[in-house]
Amino acid sequence: MADAGIRTEVAVGIDDGLIVAVGTMTDVERELANIERSGDSEYHAQCEYIDCAGRVVTPGLVDSHTHAVFGRPRYDEQELRAAGAGYMEIAQKGGGIHSSVRDLRLRSEDDLLALTRARLQRLARYGTTTVEIKSGYGLSIEDELKSLRVIASVQSEANLRVVPTWLGAHEIPQDYRSGPDGRRRYIEQLVSEQLPTVAREKLAIFADVFCEPGVFTLDETRAILETARGRGLTLKLHADELEPSGGAELAAELGATSADHLAAISEAGIAALASSSTVATLLPGTMFFLGRTRQAPARALIESGAVVALATDFNPGTSPTPNLPLIMTIGVSQLHMSVAEVLLATTVNGAAALGLAGSTGQIASGFSADVALWECEDAREIPYWYGDARCVATWCRGEPVHTA
Ligand SMILES: [Zn+2]
């Protein structure tokens, strides 16, 4: 991750949604002329030139971990937390994840679609062209399906690329908390009803579980994810966010595409990820927003050879930011990553965290024409102007997504 392959004096040729040439202007024009000669004689007249001189072009950013389908924002909790309220006190005042669940269940699919659509436009403004979105505030069959249908709708109508993840195992819902066997009954519902329905209706590519003491145990996580894999879904885990509980090791053992959070990952967890192809997805905006000082050990992970990605964790409770360049800033300033590392963590490795490393996240021939243009003279300015919106345009599959 030490070398992001930054080049100067380069042109990028795009045709039919793909990058077809990267090199000098002469090289790129020659390649485009070859396409012209082999096909449409009007081709050259249709070519559009975009002058990016003096600015920076990167791959479109990949935000590989968001919870963008939710209703009411939870800004009231921020002040409570600042005043010293803990998780339990916030929950007792009607906040926390269960308040998002109650709220989402009351909303129509159209209402959630309008909210999610607007949020994707905000994500796109900061350079993101591929975004993963999880369900997980429904926690019932109908409300998880409703959330996943919202994701399917934005996937079909948005120019940016949307990757759907089922997260019915985000938490044990309150209606299953009474009685001695409530959690067992909810897990039974997940594996025998939710997952089969989600898989049959092809509403998700990934299945994710919040594996953490007090939420889903290692054994429960394994049972849910093995069922998901049997139904044709690929796997992700929320792992080792608060306590080193073996989530990263389980992710590596199950061949999960990514293990996410990892602020409390153990030495054994680092070693397990380093010897696997499971991407370590770090979400440092969450710790920043919650006012925590501990961050995931990015340096130890990178130096051990793990594949490290960064994402926003965009969600209403713990990381309400659509701004992936801000996460790059935290990556450099708090996680001690280099600029090359944060650029790769939000492009190449973000794509790997979604199983898309062969098609997006790089400016190279044959890759999808997913490109971001920045009002910067040097790539180091992207994490430097923190919180600023320096992205002036993006394209996904060669089509414009965002223009400043
Ligand atoms: Zn998350």
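The model shown is predicted, which means the values in this text are computed figures rather than measured ones.

How each quantity is defined
- Residues numbered from 1 in each chain as written.
- Predicted model: local features only at pLDDT ≥ 70, side-chain atom pairs only at ≥ 80, totals over all residues.
- Domains from an automatic or database assignment.
- Contact = placed C-beta atoms within 7 Å.
- Helix = DSSP H or I, 4+ residues; strand = E, 2+ residues; numbered from the N terminus.
- Nonpolar A, V, L, I, M, F, W, Y, C, P; charged D, E, K, R; others polar.
- Pairing = 2+ DSSP bridges.
- Buried ≥ 20, exposed ≤ 12 C-beta atoms within 10 Å, placed from the backbone.
- Axes fitted to C-alpha atoms, helices over the stretch in contact; angles between N-to-C directions.
- Parallel < 35°, antiparallel > 145°, perpendicular 65-115°, else oblique.
- Left-handed = near helix turned anticlockwise from the far one by under 90°.

1. A closer look at the domain arrangement of the protein chain
Each domain of the protein chain was delimited in the assignment, giving domain 1 (11-58 + 363-403) and domain 2 (60-352). One C-alpha centre belongs to domain 1, the other to domain 2; they are set 31 Å apart. Taken together, the contact pairs 18 residues of domain 1 with 21 residues of domain 2. Of all the secondary structure elements, the ones that give two or more residues to the side of domain 1 that touches domain 2 are β12 (371-374), α17 (381-384), β13 (391-396) and β14 (399-403). The class makeup of the residues in the side of domain 1 that touches domain 2 is 10 nonpolar, 4 polar and 4 charged.

2. Examining the pairing of strand β2 (residues 18-23)
Looking down a regular strand, the side chains alternate between one sheet face and the other. Here strand β1 (residues 11-15) runs beside β2; their pairing, made up of 5 bridges, is antiparallel. Directly across from V12, in β2, lies its bridge partner V22. Count of turn residues in the β1/β2 antiparallel hairpin: 2 residues, of which D16 carries a positive phi of about 55°.

3. Here we look at unusual backbone geometry
Located in the positive-phi region is K202, a residue other than glycine, with phi close to 55°. With respect to the helices, strands and loops of the structure, K202 is situated in the loop between α8 (182-200) and β7 (206-211). With 11 C-beta atoms counted inside 10 Å, the residue K202 sits in the exposed group. Although it is not a glycine, H336 sits at a positive phi angle of roughly 60°. Checked against the element boundaries, H336 lands in the loop between α14 (324-333) and α15 (339-345).

4. Digging into the packing of helix α7 (residues 141-157) against α8
Two numbers describe a pair of packed helices, the interaxial angle and the distance between the axes. Closest axis-to-axis distance for the α7/α8 pair is 10 Å, and the angle between their directions is 25°. Here α7 is positioned roughly parallel relative to α8, judged by the angle of their axes. By crossing handedness, the relation of α7 to α8 is classed as right-handed. Taking contact as the criterion, the partners of I141, E144, L145 and L148 in α7 are, on α8, E193, Q194, T197 and V198.

5. Description of the environment of V131
Locating V131 in the fold gives a position in strand β5 (residues 128-134). Between the C-alpha atoms of V131 and R390, which are 259 residues apart in sequence, the distance is 19 Å. Those residues in contact with V131, other than ones at most four positions away along the chain, are D63, T66, L120, L123, L160 and V162.

6. So, the environment of P322
Checked against the element boundaries, P322 lands in the loop between β11 (308-310) and α14. With 21 C-beta atoms packed within 10 Å, P322 lands in the buried category. Among all residues touching P322, those that are not within four sequence positions of it are R119, R122, L123, Y126, T312 and F314.

7. Section: the sheet that holds β12
Within a sheet, adjacent strands bond to each other through the backbone by hydrogen bonds, running parallel or antiparallel. Strand order in the open sheet formed by 4 strands is β3-β12-β13-β14, and the pairing between neighbours is antiparallel. Among the strands making up the open sheet, the edge pair consists of β3 (56-59) and β14. Within the sheet, the average angular offset between the axes of one strand and its neighbour, ignoring direction, is 20°. By the bridge criterion, 4 bridges tie β12 to β13 in an arrangement that is antiparallel. Bridge assignment links W374 to a residue of β13, and that residue is C391.

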